[in-house]
Protein chains: 2
Amino acid sequence: MSRYLIGIDAGATKTLGVLWDKNGQEIKRVVKGFCNFNVDFLKSQKNLEKTIEELLFNLSGKIKIVIGTSGYSYFEDPLAYQTELAKKFQTRVVFKDDGYLALNSIDNPNDLPVVLLISGTGSIVYGKKKNNYYRFGGHGHLLGDQGSAYKLAISAFKEVIYELDNNLLLSSFSKLFLKTVGISTLEEIKQLVYKSEKGEIANFAKIVYGLAESDATAKKLVKQASFDLLEQTKAILRKMAVNGNFILALKGGLMENSKLLKADYLEKLSALNFKYQLSKNNRESVYGALKIGEWL
Amino acid sequence: MSRYLIGIDAGATKTLGVLWDKNGQEIKRVVKGFCNFNVDFLKSQKNLEKTIEELLFNLSGKIKIVIGTSGYSYFEDPLAYQTELAKKFQTRVVFKDDGYLALNSIDNPNDLPVVLLISGTGSIVYGKKKNNYYRFGGHGHLLGDQGSAYKLAISAFKEVIYELDNNLLLSSFSKLFLKTVGISTLEEIKQLVYKSEKGEIANFAKIVYGLAESDATAKKLVKQASFDLLEQTKAILRKMAVNGNFILALKGGLMENSKLLKADYLEKLSALNFKYQLSKNNRESVYGALKIGEWL
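Calculation rules
- Residues numbered from 1 in each chain as written.
- Chains lettered and ligands numbered in written order.
- Predicted model: local features only at pLDDT ≥ 70, side-chain atom pairs only at ≥ 80, totals over all residues.
- Heavy atoms only, no water.
- Core = buried A, V, L, I, M, F, W, Y, C linked by side-chain atoms within 4.5 Å.
- Buried < 20%, exposed > 50% of the residue type's maximum accessible area, 1.4 Å probe, protein only.
- Contact = heavy atoms within 4.5 Å.
- Buried area = accessible area lost by both parts, 1.4 Å probe.
- Salt bridge = Lys/Arg side-chain N within 4 Å of Asp/Glu carboxyl O.
- Polar contact = N/O pair within 3.5 Å; in protein donor to acceptor, adjacent residues only side chain to side chain.
- Helix = DSSP H or I, 4+ residues; strand = E, 2+ residues; numbered from the N terminus.
- Arc of directions from axis to C-beta.
- Least-squares fit on C-alpha atoms with pLDDT ≥ 70 in both.
- Domains from an automatic or database assignment.
- Expected span 1.5 Å × (residues − 1).
- Pairing = 2+ DSSP bridges.
- Axes fitted to C-alpha atoms, helices over the stretch in contact; angles between N-to-C directions.
- Right-handed = clockwise from strand over helix to strand, strands pointing away.
- Parallel < 35°, antiparallel > 145°, perpendicular 65-115°, else oblique.
- Left-handed = near helix turned anticlockwise from the far one by under 90°.
- Nonpolar A, V, L, I, M, F, W, Y, C, P; charged D, E, K, R; others polar.

**Some words on the nonpolar core**
Piece 1. In terms of nonpolar packing, the biggest core is built from 105 residues, with Phe177 and Tyr265 of chain A together with Phe177 and Tyr265 of chain B touching the most fellow members.
Piece 2. Beyond its immediate chain neighbours, meaning those up to four positions away, Phe177 of chain B contacts Ala153, Ala156, Phe157, Val160, Phe204, Ile207, Val208 and Leu211 of chain B.

Printed below as a string of structure tokens:
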């Protein structure tokens, strides 16, 4: 009888499902819409179950499904939902949160504490030490997400607004930033920020870290972001009571694409004498399913 | 032939219209929905014109209409819209922004510079010096509004989140704040903040300045708000190049209802040796129409 594993990273932006055979060879991959139970239970359920259905299509054998989802805290009793899914699809199911999946995707042969810092549109830090899991920050753009692409973009708009509000001559940063965004007035800034999706605003962070190579103001804003990320890292290390070596994994669009941000962050962390090993094998979170499912 | 003046404060929350006779006696008052041309042109136009129609109903004589509106910056050519309204209603019309109306509602017999600080759901500072008008701040909750009720409420939620994130014992402030809000977990905070209207969140500021009478943390948050308002006041005074006496008018729900905020703000302002006279006659902005329309 064939054995299969299905791993699902059910995220706030998209749901990614992967089917592996018994040797860990990827056979099929499916992408559906978002899955965040705190945002919309029914749509999330639909996207998650459609992902499972497509991966199960025409499949027979011994199957296990490992899910890591965003909005996990919606469930007062996640085990009940896990049982419901297991019954519905006649498979074994492990139902966990997205941080759990992500942390288990990080290579960690010596079972060191792991810190995973994600800075994309939003920001969050996850931690794992032995069998304990931790999280710090996140909470979205109104209550947190310091050091995220969204916050970096907003800080750039605020910089420009400060100059406009004070009738100052526009700095070269503001001129270049506005020109690249394609607008020129305070009203246009407001219209853009209040009418755009969070992800669209976060996208403007690219302009800021692009300019940071040569512009002092852009550099200051990027360094503020790396400082904010450092504060969150320090907080989770305190929470985890980590004193010695740990594995540090850095993910997310902003962290992966801004060389300055990453270098500045690591430099500050090293200066504080933290002993980290940078995770070099940054696989997709969905690979955490292989470890959680005790595959291979 | 009878003479009448209509004043309209076309605001982001409601549109208030008042009809006065030639002696400045109020005859009628009408309230309609919001009017912010930057948010929704058609709805704003409808609410504004319905206000005018109801006030004009059965009226004959010599009539002048003075309008101060939010979202005024939407118009590239406000005079064209003023002419359109004048034609449509066969009256004289003065079409200005809400700050202009509000500044002219403040008693100022000696023609001193005037600073009007509004801290309600949002915050903004307007200034007038001779015939020049100024504004500073505002820009809404994503880009500004420091020292507003919305920001004060968010700062309280962040205080609680900080303790929860760091696994600290909840402070007495956090316990009391959450109890009064009627929630107890991080998830409930997030659901509340992300699913509520801005005004509903701003409403929680009342709890904070209520607690500030006896609680050190609440006091700290209120004092931060008054500091933020002071910074905006200093900025507009710089912008207006005010050195000597000026009239200071304080408006908005937060400023009017938190004794601590107002006292702390005034104390800090006095300590900086600014020479202000507090405006004691805080009439509604719509009364600015009497001055702008050169009534009485």
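Here the narrative resumes, following the displayed structure.
**What about the interface of chain A and chain B?**
Piece 1. Taken residue by residue, the interface counts 29 residues in chain A and 29 residues in chain B.
Piece 2. With both chains or domains summed, chain A and chain B bury close to 2,600 Å², and 53% of this area falls on carbon and sulfur atoms.
Piece 3. Ranking the residues of chain A by area buried against chain B places His139, Leu142 and Leu143 of chain A at the top, with a combined share of 28%.
Piece 4. Across the contact surface, chain A and chain B share zero salt bridges.
Piece 5. In this assembly, chain A and chain B are joined by 22 residue pairs in polar contact (both at pLDDT 80 or more).
Piece 6. The set of elements that each furnish at least two residues to the side of chain A that touches chain B consists of strand E8 (132–136), helix H4 (140–143), helix H5 (149–165), helix H7 (186–195) and helix H10 (216–240) of chain A.

**Brief notes about the environment of Ile161 of chain B**
Piece 1. With respect to the helices, strands and loops of the structure, Ile161 of chain B is situated in helix H5 (residues 149–165).
Piece 2. The exposure class of Ile161 of chain B is buried, given its relative accessible area of 4%.
Piece 3. For the pair formed by Ile161 of chain B and Val181 of chain B, sequence separation is 20 residues and the distance between their alpha carbons is 14 Å.
Piece 4. Look past the residues within four positions of Ile161 of chain B in its chain and what remains in contact with it is His139 and Leu143 of chain A together with Leu186 and Ile189 of chain B.

**Notes on helix H7 (residues 186–195) of chain B**
Piece 1. Within H7 of chain B the residues assigned to the buried category are Glu187, Ile189, Lys190 and Val193 of chain B. End-on, the buried residues of H7 of chain B take up no more than an arc of 155°, which puts them together on one face.
Piece 2. Along its buried surface, H7 of chain B packs onto H4 of chain A together with H5, helix H6 (172–181) and helix H8 (198–203) of chain B.

**Describing the relation of the copies chain A and chain B**
Piece 1. For these two chains of identical sequence, chain A goes onto chain B by a turn of 180° and a shift of 0.0 Å along the axis, with RMSD 0.0 Å. The superposition operator between the copies reduces to a two-fold rotation axis. Relative to the rotation axis, the C-alpha of Leu142 of chain A is the closest in chain A, positioned 4.0 Å from it.
Piece 2. When the interface residues of chain A are mapped onto chain B, 100% of them again fall at the interface, so both copies present the same face.

**Comments concerning the domain arrangement of chain A**
All names here are of chain A.
Piece 1. Under the domain assignment used here, chain A contains domain 1 (3–104 + 284–292) and domain 2 (108–280).
Piece 2. Computed over C-alpha atoms only, the centres of domain 1 and domain 2 are separated by 29 Å.
Piece 3. Contacts between the two partners involve nine residues from domain 1 and, on the opposite side, eight residues from domain 2.
Piece 4. Of the roughly 710 Å² buried where domain 1 meets domain 2, counting both sides, 59% is carbon and sulfur surface.
Piece 5. On the domain 1 side of the interface with domain 2, the three residues burying the most area are Tyr100, Ala102 and Leu103, jointly 59% of the side's total.

**Looking at helix H12 (residues 259–271) of chain B**
All names here are of chain B.
Piece 1. Under the 1.5 Å per step criterion, the end-to-end length of H12 is 18 Å for 13 residues, consistent within 8% with the ideal 18 Å.
Piece 2. Turning to H12, its buried residues are Leu261, Asp264, Tyr265, Leu266 and Leu269.
Piece 3. Within two residues after H12, Asn273 carries a phi angle of roughly 65°, on the positive side.

**Details of the sheet that holds strand E2 (residues 15–20) of chain A**
Residues and elements named next belong to chain A.
Piece 1. The five strands lie next to each other as E3-E2-E1-E4-E5, forming an open sheet whose pairing is mixed. Each of the sheet's edge strands pairs with one partner strand only, and the pair in question is strand E3 (26–32) and strand E5 (92–97). Neighbour-to-neighbour, the strand axes of the sheet open up by a mean angle of 15°, direction not taken into account.
Piece 2. As judged from the six bridges shared by strand E1 (residues 3–10) and E2, these two strands associate in the antiparallel manner. Across the sheet, the residue bridging to Gly7 is Val18, located in E2.

**Quick look at the pairing of strand E5 (residues 92–97) of chain B**
All names here are of chain B.
Piece 1. Burial of the side chains of E5 is restricted to one face: Val93, Phe95 and Asp97 are buried, whereas none of Arg92, Val94 and Lys96 on the reverse face is.
Piece 2. As defined by bridge partners, strand E4 (residues 62–69) adjoins E5 across six bridges and the pair is classed as parallel. Looking at E5, one finds that Val66 is bridged to Val94.
Piece 3. With helix H2 (residues 78–89) bridging E4 and its parallel neighbour E5, the resulting β-α-β unit is right-handed.

**Let's talk about unusual backbone geometry**
All names here are of chain A.
Piece 1. Backbone geometry places Lys130, a non-glycine residue, at a positive phi of 50°.
Piece 2. Residue placement: Lys130 occurs in the loop between strand E7 (123–129) and E8.
Piece 3. By relative accessible area, which is 53% here, Lys130 ends up exposed.
Piece 4. For Asn273, which is not glycine, the phi torsion reads 65° and is therefore positive.
Piece 5. With relative accessibility at 63%, the residue Asn273 sits in the exposed group.

**Digging into the sheet that holds E7 of chain A**
All names here are of chain A.
Piece 1. In space, the five strands of this open sheet follow the order E8-E7-E6-E9-E10, with mixed pairing throughout. Each edge of the open sheet is held by one strand with a lone partner, namely E8 and strand E10 (276–278). Averaged over all neighbouring strand pairs, the angle between strand axes comes to 20°, with direction disregarded.
Piece 2. Pairing of strand E6 (residues 114–119) with strand E9 (residues 246–251) involves five bridges; the strand directions are parallel. When the sheet's bridge partners are listed, Ile118 is paired in E9 with Lys251.

**Quick word on the side chain of Asp98 of chain A**
All names here are of chain A.
Piece 1. Relative to the elements of secondary structure, Asp98 occurs in helix H3 (residues 98–103).
Piece 2. Among the polar contacts listed, one links the side chain of Asp98 to the side chain of Tyr126, at a separation of 3.3 Å.
Piece 3. Setting aside its immediate chain neighbours within four residues, Asp98 contacts Gly68, Thr69, Ser70, Tyr126 and Arg135.

**A few points about the packing of helix H1 (residues 41–56) of chain A against helix H2 (residues 78–89) of chain A**
Residue and element names in this part refer to chain A.
Piece 1. For the pair H1 and H2, the least separation of the axes is 12 Å and the interaxial angle reads 40°. Of the possible angle classes, the one that applies to H1 and H2 is oblique. Pair H1 / H2 crosses with right-handed handedness. Contacts from Phe41, Gln45, Leu48, Glu49, Ile52, Glu53 and Leu56 in H1 reach Tyr81, Glu84, Leu85, Lys88 and Phe89 in H2.
Piece 2. Its residues assigned to classes, the contact of H1 with H2 comprises seven nonpolar, one polar and four charged.

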